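# Topology and contacts: notes
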Amino acid sequence: MKRSILSRVAAMLLSVMLVLTTFTALAVAEEGHCEAAALPTYTPATSPGQPPAVKLSAQASATSSATSATTVTAVTAVTTDFCRARLSNTERALYDSIDAAVTELADSAGFVFDDWSEDTVLTATASGTLTMAAVQLVVTAYFSDHPQYFWFDSEFAYLILSAGTTLKLFVDPDYYSAAVRIGTAEAIAATEARWMKALERCPYDYEKVRVLHDLICCETDYAYAADGVTPEAGRWAHSIVGVMTGRGAVCDGYARTFQYMLNRCGIDAVTISGEGFDVTDGARRSLGAHAWNAVKIDGEYYLVDVTWDDIGAIEGFDKTRFGYSVYDYFCTQSSVFAESHVPYTPENGGFVALEDGAFSDSTSHEYYRVCGGYLDGRDGAGEALEAFTQNA
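Residues numbered from 1 in each chain as written. Predicted model: local features only at pLDDT ≥ 70, side-chain atom pairs only at ≥ 80, totals over all residues. Heavy atoms only, no water.

Now for the packing of helix α6 (residues 205-219) against helix α8 (residues 251-264). Pairs of packed helices are described in terms of their axes, by the angle between the two and the distance that separates them. One way to put it is that α6 packs onto α8 with a least axis distance of 10 Å and a crossing angle of 140 degrees. Of the possible angle classes, the one that applies to α6 and α8 is oblique. Classified by chirality, the crossing of α8 by α6 is right-handed. Facing Lys208, Val209, Leu212, His213 and Ile216 of α6, the residues of α8 in contact are Tyr254, Thr257, Phe258, Met261 and Leu262. For the contact of α6 with α8, the class distribution of residues is seven nonpolar, two polar and one charged. (Axes fitted to C-alpha atoms, helices over the stretch in contact; angles between N-to-C directions. Helix = DSSP H or I, 4+ residues; strand = E, 2+ residues; numbered from the N terminus. Parallel < 35°, antiparallel > 145°, perpendicular 65-115°, else oblique. Left-handed = near helix turned anticlockwise from the far one by under 90°. Contact = heavy atoms within 4.5 Å. Nonpolar A, V, L, I, M, F, W, Y, C, P; charged D, E, K, R; others polar.)

By the definition in use, this model includes eight salt bridges. We note a salt bridge from Arg86 to Glu355, for which the minimum N-O separation is 2.9 Å. Here Arg86, found in the loop between β4 (78-79) and α2 (89-106), pairs with Glu355, found in the loop between β12 (341-343) and α12 (367-370); they are 269 residues apart in sequence, far enough to count as distant. Notably, a salt bridge pairs Arg369 with Glu366, separated by 3.0 Å at the nearest N-O pair. (Salt bridge = Lys/Arg side-chain N within 4 Å of Asp/Glu carboxyl O.)

Okay, the nonpolar core next. Within the largest apolar cluster, 93 residues are counted, with the highest numbers of intra-cluster contacts made by Leu94, Ile98, Trp151, Phe152, Leu167, Phe258 and Val295. If you tally residues by element for this core, the top one is helix α4 (residues 132-145), at eight residues. Ignoring any residue separated from it by four or fewer positions in sequence, one finds Ile98 in contact with Ala124, Val138, Val139, Tyr142, Leu167 and Leu169. (Core = buried A, V, L, I, M, F, W, Y, C linked by side-chain atoms within 4.5 Å. Buried < 20%, exposed > 50% of the residue type's maximum accessible area, 1.4 Å probe, protein only.)

A separate point is the sheet that holds strand β9 (residues 283-297). Backbone hydrogen bonds hold the strands of a sheet together, and the pairing may be parallel or antiparallel. The antiparallel open sheet is built from five strands, whose spatial order is β11-β10-β9-β8-β12. Of all strands in the sheet, those with a lone pairing partner are β11 (330-332) and β12, marking the two edges. Between one strand axis and the next, the sheet turns through 45 degrees on average, direction left out of account. Sheet topology note: the strand β10 (residues 300-304)/β11 ladder contains two bridges and is antiparallel. (Pairing = 2+ DSSP bridges.)

One open sheet holds the three strands; their spatial order is β5-β7-β6, and the pairing between them is antiparallel. Looking at the sheet topology across the chains shown, the edges are occupied by β5 (121-126) and β6 (152-161). Across the sheet, the mean angle from the axis of one strand to that of its neighbour is 20 degrees, orientation sign disregarded. Relative to strand β7 (residues 164-171), β6 is paired through seven bridges, and the arrangement is antiparallel. Each residue of the ladder has a partner; that of Phe156, found in β7, is Leu169.

Another point: α2. Taking 1.5 Å as the rise per residue, α2 with 18 residues should run 26 Å; its terminal C-alpha atoms sit 25 Å apart, in good agreement. For α2, the complete set of buried residues consists of Glu91, Leu94, Tyr95, Ser97, Ile98, Asp99, Ala101, Val102, Leu105 and Ala106. (Expected span 1.5 Å × (residues − 1).)

Turning our attention to the environment of Tyr327. Mapped onto the elements of the fold, Tyr327 is located in the loop between α10 (319-322) and β11. Since its relative accessible area comes to 1%, Tyr327 is described here as buried. Considering only alpha carbons, one finds Tyr327 and Asp309, 18 residues apart in sequence, at a separation of 5.7 Å. For Tyr327, the side chain forms a polar contact with the side chain of Asp214, separated by 2.8 Å. (Polar contact = N/O pair within 3.5 Å; in protein donor to acceptor, adjacent residues only side chain to side chain.)

The next point concerns the environment of Arg285. With respect to the helices and strands, Arg285 occurs in strand β9. In this structure the C-alpha to C-alpha distance between Arg285 and Ser340, which are 55 residues apart in sequence, comes to 9.1 Å.

Before going further, it helps to examine the confidence of the model for the chain. Model confidence for the chain is summarised by a mean pLDDT of 79, while 72% of its residues fall at 70 or above. Taken together, the stretch residues 44-74 has pLDDT below 50 and engages in 68 contacts with residues farther than four places along the chain or on a different chain. (pLDDT = per-residue confidence, 0-100.)

With that settled, the discussion passes to the pairing of β10. For β10, the buried fraction is high: four of the five residues fall into the buried class. As judged from the five bridges shared by β9 and β10, these two strands associate in the antiparallel manner. When the bridges of β10 are listed, Ile297 appears paired with Glu300. The loop that links β9 with its antiparallel partner β10 comprises two residues; one of these, Asp298, has a positive phi angle of about 50 degrees.

Here it is as structure tokens:
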């Protein structure tokens, strides 16, 4: 879900977090890709230490080589356990069974060489009895923690008996063809490798998060249906495929890609599903379903909304001069973020329950404060904006 152009312009020009002189520009490289500009001096709260508990695998990207066919996977296996950690023991048992079945298929020779069909079904079980809502919660939690599995369908079937719970997962018909599946995986791997080169140059996690935020905004357009108004419904736009193959994406495509790449860097991040709101002059209007991220930096989870920070197509705005993104929702104070972002709960949308204080309410990592471009309050905002425009 994307805000209107009017809302984005208002956020850019009237935000109390107005950047006066440092819209971070992205240079467009010769091959048409973006390269992140340098971050203003950033001193982390703590020195870089060990990465968070993120599972990293040495599995290679997909290849047609027969010699490695038994160990390949579509995308490097990187996950967070943010959602799993918030499940009950019985729910975790089903979650872990899903993980075993999915990993087995992803690592099989059949992933590379076999065409799939409606008969390609994965089975997961748990000895405990779960409610229908709990099964939905577990499936949502698993794929929130594993954005790399773009080839799964959103539909599933289940059977709940006194002896336990059985779940059936289906693959997306768009990826029945091995050629399509591997071609998509290779395109994702190419973008990943290019972005990782930029991210590996960043000494601190905060810089990695900022650079990736800018790369996604620079190289991604919000995906609309043919009418140019309705958000694209195709599953590719809701997964890492849309961003990493250059087709565009909607909010959860932005968020899942942001999570996936940060996890690849050893940074704990998760995609959060919920509802977005436009807040104007104290009035709150629902914008519908939305997705954003929580990212762990310097020991705390900060909230980021890459979709709403993507400037998009604003007539007369020169991205090559002023940058491809704003930072109104970059490590924003959680109490402020919550005014326009409300996570789903297990009761109303299937996302895991979030404890009080799960996200940092500090302003210390807000981009405009870090770069010295924060304007406290609206007094003088008009004069500041006029000066910025004249100097531009």
